[in-house]
Amino acid sequence: MAYQHISVPEQGEKIQCLSGPDCIPDRPIIAFIEGDGIGRDIMTASRRIWDAAVEKAYGGQRQIAWMEIYAGEKAAALYDGDYMPEETFEALREFLVGIKGPLTTPVGGGFRSLNVTLRQVLDLYACVRPVQWYEGVPSPLLRPENVDVVIFRENTEDVYAGIEYEAGTPANEKLARFLREEMGAEFFEGSGLGIKPMSAYGTKRLMRFALRYAIERGRKSVTIVHKGNIQKFTEGAFRNWAYEVAREEFGEQTITEDQLWSEYGGKQPEGKIVVKDRIADIMFQHMLLRPSEFDVIVSPNLNGDYLSDAIAAEVGGVGIAPGANIGDEVMLFEATHGTAPKYTDQDRVNPGSLMFSGVMMLEFLGWWEAAKLVTQGYVRTLAEKVVTYDFARQMDGATEVGTSAFASAIIKNMGNGA
Ligand code: NAP
């Protein structure tokens, strides 16, 4: 289709489907949103790293055809004040895979988060955040190497669905009257009201996705994290529906934790994934004290939001934690931190979060060799103690470099030697 400001690269080919590497041409068109604030610095550095890794891995036989699409401040400047132009959605629907930097969301009324809008409009229902430790990354844990989890957070429901009524408004008063008079609910006068919808449909598609991932990647367990002891018909139902998917659709590949003990004496049988559940609050403690017991984690939206940042902090913080928002029609990989506006265009910040989101993307493309080269370059650069300011302030004897010099060091360290 014809776009107003987006130029489709002539040399590239469209990705036809998301069902795996067979759908990926050698020159796939990948959409990118640069992002606001530090977005320009980290996107420029990361694209250099990904391109170098692909070139080193495939010697020109494969190449990403980058296509810039627009959101946030850059979009507003181009599209007459429109921060989220319709053609950005259209391009993602047409080209299926994108990667984005962070976008500003002004605090206060009248401006919906651009990130939440993207997730809801494109139905990107799974937020996927792998968290693992790399040698040399500063961590508050004694044994950070025990952290290696992938969090699947539900992305479209829960209190993030945007069904909220401000105290004192006619809509709030109408709902309050209905709840008191017809449902017998009791709450203070003048309360703001919010609705927390959680469905079997939303829960089951997330759990299905997480289980498929766990099977494909040879993971050992899937833990359902919820607050079902208090919120029985939302969080509790989430737990029950998730177990239902495991039992009814993946019965051959999964066992429950109860079965593990009652039928297998606590010894995990080969080829079976253990499905278990934990209450959200104790999960925060477990991830600090016994992280090696967890592998894939599935959680509703709000708990997953807190949990993924908290776990990321155990192994270096949001400066390096990658993420992706994934639906059945579109995949959007993204840096998990914000725009850190005070560092805009200073060439200072850590590109790690976006860079590793790109590693996830390369893995999805089936370009494993390139993905490994990026990780290898990163690990070796850390071993040399060459880091950006955020790690330098936590490490003894580090050499502090800017974003672009850090990218150059990673590229230099790719693929030379074991
Ligand atoms: P933030 O932008 O993530 O920044 C908070 C702090 O985290 C920074 O001041 C910096 O810490 C550190 N930091 C973030 N990214 C870093 C990086 N790449 N390298 C090193 N340090 C990094 O959070 P915020 O200040 O709360 O939010 C700013 C804006 O971003 C808001 O408009 C918010 O809505 C938006 N936001 C967008 C997304 C998204 O697009 N997905 C996510 C979150 C927030 P120091 O000050 O200690 O150096």
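Criteria and cut-off values
Residues numbered from 1 in each chain as written. Predicted model: local features only at pLDDT ≥ 70, side-chain atom pairs only at ≥ 80, totals over all residues. Heavy atoms only, no water. Helix = DSSP H or I, 4+ residues; strand = E, 2+ residues; numbered from the N terminus. Buried < 20%, exposed > 50% of the residue type's maximum accessible area, 1.4 Å probe, protein only. Contact = heavy atoms within 4.5 Å. Lys, Arg positive; Asp, Glu negative; His and termini not counted. Charge placed at Lys NZ, Arg CZ, Asp CG, Glu CD. Pairing = 2+ DSSP bridges. Axes fitted to C-alpha atoms, helices over the stretch in contact; angles between N-to-C directions. 1 Å grid on protein atoms, 1.4 Å probe; cavity = no way out; pocket = protein on both sides within 12 Å on 5 of 7 lines; lining within 4 Å. Points joined across faces, edges and corners; volume = space filled by probe spheres on them. Nonpolar A, V, L, I, M, F, W, Y, C, P; charged D, E, K, R; others polar.

(A) Fine view of the overall build of the protein. The helix and strand tally for the protein stands at 14 helices and 15 strands. By principal-axis analysis of the C-alpha atoms, the protein measures approximately 65 × 60 × 45 Å. Across the 418 residues that make up the protein, the buried fraction comes to 55%. Considering only contacts within the protein whose residues lie at least 6 apart along the sequence, 73% involve residues at least 24 apart. Charge centroids of the protein, computed over 42 positive and 59 negative side chains, lie 4 Å from each other.

(B) The sheet that holds strand E4 (residues 126-132), seen in detail. In space, the 11 strands of this open sheet follow the order E2-E1-E3-E13-E12-E4-E5-E11-E8-E10-E9, with mixed pairing throughout. With one partner strand each, in any of the chains shown, strand E2 (65-68) and strand E9 (254-256) form the two edges of the open sheet. On average, each strand axis in the sheet is tilted by 25° relative to the strand beside it, whichever way the strands run. When E9 meets strand E10 (residues 273-279), the two strands line up parallel, connected through three bridges. Counted as the bridge partner of Ile255 is Val274 from E10. Docked against the sheet, helix H6 (residues 200-216) engages E4, strand E5 (148-154), strand E8 (221-226), E9, E10, strand E11 (296-299) and strand E12 (322-326), running at close to 160° with respect to E5.

(C) Quick look at the pairing of E11. Burial of the side chains of E11 extends over both faces: Val296 and Val298 are buried on one face and Ile297 and Ser299 on the other. Where E5 and E11 come together, four bridges link them in parallel fashion. Considered in E11, the bridge of Ile151 is made with Ile297.

(D) Molecular detail of empty space enclosed by the protein. A full pass over the atoms with the stated rule returns one cavity of 30 Å³ or more. Approximately 40 Å³ is the volume found for the largest cavity. Around the largest cavity, the lining residues are Val116, Arg119, Arg153, Asn155, Tyr160 and Asn301. Looking at side-chain class alone, the lining of the largest cavity contains two nonpolar, two polar and two charged residues.

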